[in-house]
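Summary of the model geometry
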Amino acid sequence: MSHVGVPHGRAKRRSVALLATGVLALPVLAGCGSSDEHGSSAKAVGPDIATASRARVADGGTLRWAVDTMPATLNTFQADADASTSRIAGAALPALFTLDRSGKPQLNGDYLESAKVIKQEPKQVVRYRINQKAVWSNGREIGAPDFVAQWRALSGRDSGFWTARNAGYDRIEKIEKGKNDLEVEVTFNKPYADWRSLFTPLYPKEVMSTPDAFNDGARKKLTATAGPFSIKSVDAGDKKVELVRNPHWWGQPAKLDSLVLTAVPAEERTAALTAGSLDLADISGPDAGRITLADKDGNNGQPLTHGPGSEVQPADALLNWAAAHGADGPQAEEAASRAAEQTRKDRQEYARQQKALHGYVIRKSLEPAFTQLAMNGSSGPLADERVRRAVARALDRKEIASDVLKPLGLPALPPGSHLALAGQEDYADNSGAIGDHNPRQAQALLADAGWKPGGARETGQGTKAGSKPEASGKPAESGKPAESGKPEASAKPAESGKPEASGKPQASAEPAASKSPAGSLDDSKSDSKSDSKSDSKSDSKSDSKSDSRSDSKSGAASGDEKHQVAGAYAPKGTAAPAAAAPAAVLAKNGKPLTLRFVLPSGPGSEVLNSVGTKITQELDAVGIRTVVSKVDSAGYFKDHVASGDYDLALYSWPATAYPATDARPIYAKPGVASDGSLMVDQNYTRVGTERIDQLFDRASGELNEKAARDLVKQADAHIWATAGSIPLYQRPELVAAKRGVANAGAFGFAAPVYQDIGFLKSAKKS
């Protein structure tokens, strides 16, 4: 199901009601501290797919599976590829590695006998041994020519190929045949830790050999496939893609005769389900609630106690109408009679729908994606890191996650990482780098940044962690930055041309010194001594007692100096505004502290708007005013988030098994083009540091898996410290499945095993 505010493109691989059914296999746990205490052992919520052995699944049948839209292309490496493209590829093309329930890549034995690094020096060499039975649907063996063609198309060396990404392929030096046609040896010109991400999906050489075939030929048709299903038809008029059992498939044969992907918008899913035209569909919380009620009601023929008119009696309707229209007597009775008749018809229709929905069950898990609050740090008040950190500390992430997930019966702990989710090996709770929910500390940070009640025009004296404010709201140079010694260059973003980049030094973005190893805020000995000294005094005296209680668990308490982050806490002596007036608007130089909060409108945006309301209230409580701007959902991301036309925004990123590769463009420090514009890639917050980039680069080239994971955790701690985006909750995954559908539903991290999906023999498919 589509989710408003989910970006598409290169990072899509990071891959977007009260329930009575579904059992969560494992609880989500999270923690803070060092390495093992960080939450590295947190468990993922398992898939809910009605797992059944192949012996229990009937042969034959057609499964009708809802997708959001018809695929714009069948080439997953093009910029407009979407979830529909990926689903087709998963069923019809080779995936050399697939993800398990914990989001860990596993070798796919249908295509490979083995794949491993056979040399690290002088250059990394990976040897693939292809399953000798693996063939394309045209009868040709899968082999080295397919690997070579895909490498050349995606390497970035030939601009004729319009590719959305080339990460990893650009590090390949050569590809050669091994001892025989079934061995492929890939040599890299520099080490690449995420080599397992390559060649999935693998396309036939016929698709990858020429720009024309790649750019245009593969958009609507694939010349050959090699999965349990092949593509029979793509019908744009009927909005359906039909996949059929592949007669050339060498693995376990698909249980289904066909798999039909049908484009059904989110707002039309309930109608499609009640009409019986779907077997599987992602749905919203309210739709899931109706199916749950239908399950409780059963087919006992008893009147429903919910639905239209269930809480309004005819006499009440009469009185309400009379009161509203000043009528009584026969006129009121006639109106009430008409209203009662309409209610009766509505209840009959509702009862019919509920009877139809009784044929479905809800399967639920947590989607491998998280929703975040993004802060545009390119200009205005949010260019000051202290203001961003104040926003972060004003948020009660636990309460927000609870509001979204608890009613669904799902674990409600907020993510502690930008780069992994609970259950993944790369996961560690690094949120202690920014600190827990603490409105008083938020106010102290704002006061230190010069934002105070009344906000009379001031000279800027006494602002310790930043600089003398300019008219534009961005701090001027003050002190020597820890990294470069110079403030970053001011520049305009390429998208909008309006906001300006912060001219502040980067020193305050860097975590303070720490002796902690993996996941610590500092992994070198080069941090500024002056920073560590100033950080050790960073808490407000007035808050020292309350902060030591609220932050000690996260390693960010006032008494635990080694875990503090420069600028994350207000310097001692910075008085927080009086608790008696937390809602007083703050101002500086006569300008109020007001942020433009852009939110989507329309179907599917209800949850984001509810979360937005909660955030607005929490910011209001510390003196930050928001102006909510609701925009059309269709252009929400492209026209506002990507272009930088916002101060605050809510959107989601999918998780990934390869954060060093996939997450780098999301958090990398924006570069400056020759014309002065910012090159943000996918970093739509426009906040980053050179240190984060260095950690990503080191992680992507580290072939020791444990060392690479440690570097990823360190990068995440620095991302938290910059406070460009704040993860709020892992998105729920709610799926309506027809009773009897097996091995499909809410997959979580796990990749679908398409050949095992089908209908139980014991179920009678209607």
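Scoring rules and cut-offs
- Residues numbered from 1 in each chain as written.
- Predicted model: local features only at pLDDT ≥ 70, side-chain atom pairs only at ≥ 80, totals over all residues.
- Heavy atoms only, no water.
- Buried < 20%, exposed > 50% of the residue type's maximum accessible area, 1.4 Å probe, protein only.
- Helix = DSSP H or I, 4+ residues; strand = E, 2+ residues; numbered from the N terminus.
- Contact = heavy atoms within 4.5 Å.
- Arc of directions from axis to C-beta.
- Phe/Tyr/Trp six-rings, centres within 6.5 Å; stacked < 30°, edge-to-face > 60°.
- Lys NZ or Arg CZ within 6 Å of the ring centre and 35° of its normal.
- Core = buried A, V, L, I, M, F, W, Y, C linked by side-chain atoms within 4.5 Å.
- Pairing = 2+ DSSP bridges.
- Axes fitted to C-alpha atoms, helices over the stretch in contact; angles between N-to-C directions.

**Considering helix α2 (residues 144-154)**
Counting buried residues in α2 gives nine out of eleven residues, a clear majority hidden from the surface. Looking at α2, one finds that the buried residues are Ala144, Asp146, Phe147, Val148, Ala149, Gln150, Trp151, Ala153 and Leu154. On its buried face, α2 is in contact with β5 (125-130), β6 (172-177), β7 (183-188), α3 (205-208) and α4 (211-220). Taken from the residues just after α2, Gly156 is the one with a positive phi, measuring 85°.

**Let's talk about helix α10 (residues 397-405)**
Taken together, the buried positions of α10 are occupied by Arg397, Ile400, Ala401, Val404 and Leu405. All buried residues of α10 fall inside an arc of 110° around its axis, so they share one side. Considering only its buried residues, α10 is in contact with β12 (360-375), α14 (606-620), α19 (705-722) and β22 (725-738).

**So, the packing of aromatic side chains**
Counting across every chain of the model gives 20 aromatic pairs. Centroid distance Tyr651 to Trp653: 6.1 Å. Interplanar angle 80°. Geometry classified as edge-to-face. Residue class for Trp653 comes out buried when judged on its relative accessible area of 1%. Ring-pair connections join several aromatic residues into one group, and the members of that group are Phe77, Phe97, Tyr128, Phe147, Tyr169, Trp195, Phe199 and Tyr203. We note Arg87 situated over the ring of Trp65; from NZ or CZ to the ring centre the distance is 4.1 Å.

**A closer look at the nonpolar core**
With 87 residues, the main nonpolar core has Ile615, Leu650, Tyr667 and Leu728 as its most contacted residues. In this structure Leu728 touches Thr371, Gln372, Leu373, Leu395, Arg397, Ile400, Ala401, Pro414, Pro415, Val611, Ile615 and Leu650, once residues within four positions along its chain are discounted. Grouped together as the second largest cluster of nonpolar side chains are 74 residues, Trp136, Phe161, Trp250 and Leu280 included.

**Digging into the sheet that holds β5**
Spatially, the four strands line up as an open sheet ordered β4-β5-β7-β6, and their pairing is antiparallel. Each edge of the sheet is formed by a strand with only one pairing partner; in this case those strands are β4 (112-119) and β6. In this sheet, adjacent strand axes meet at a mean angle of 15° when their direction is disregarded. α2 rests against β5, β6 and β7 of the sheet, and its axis sits at about 165° to β6.

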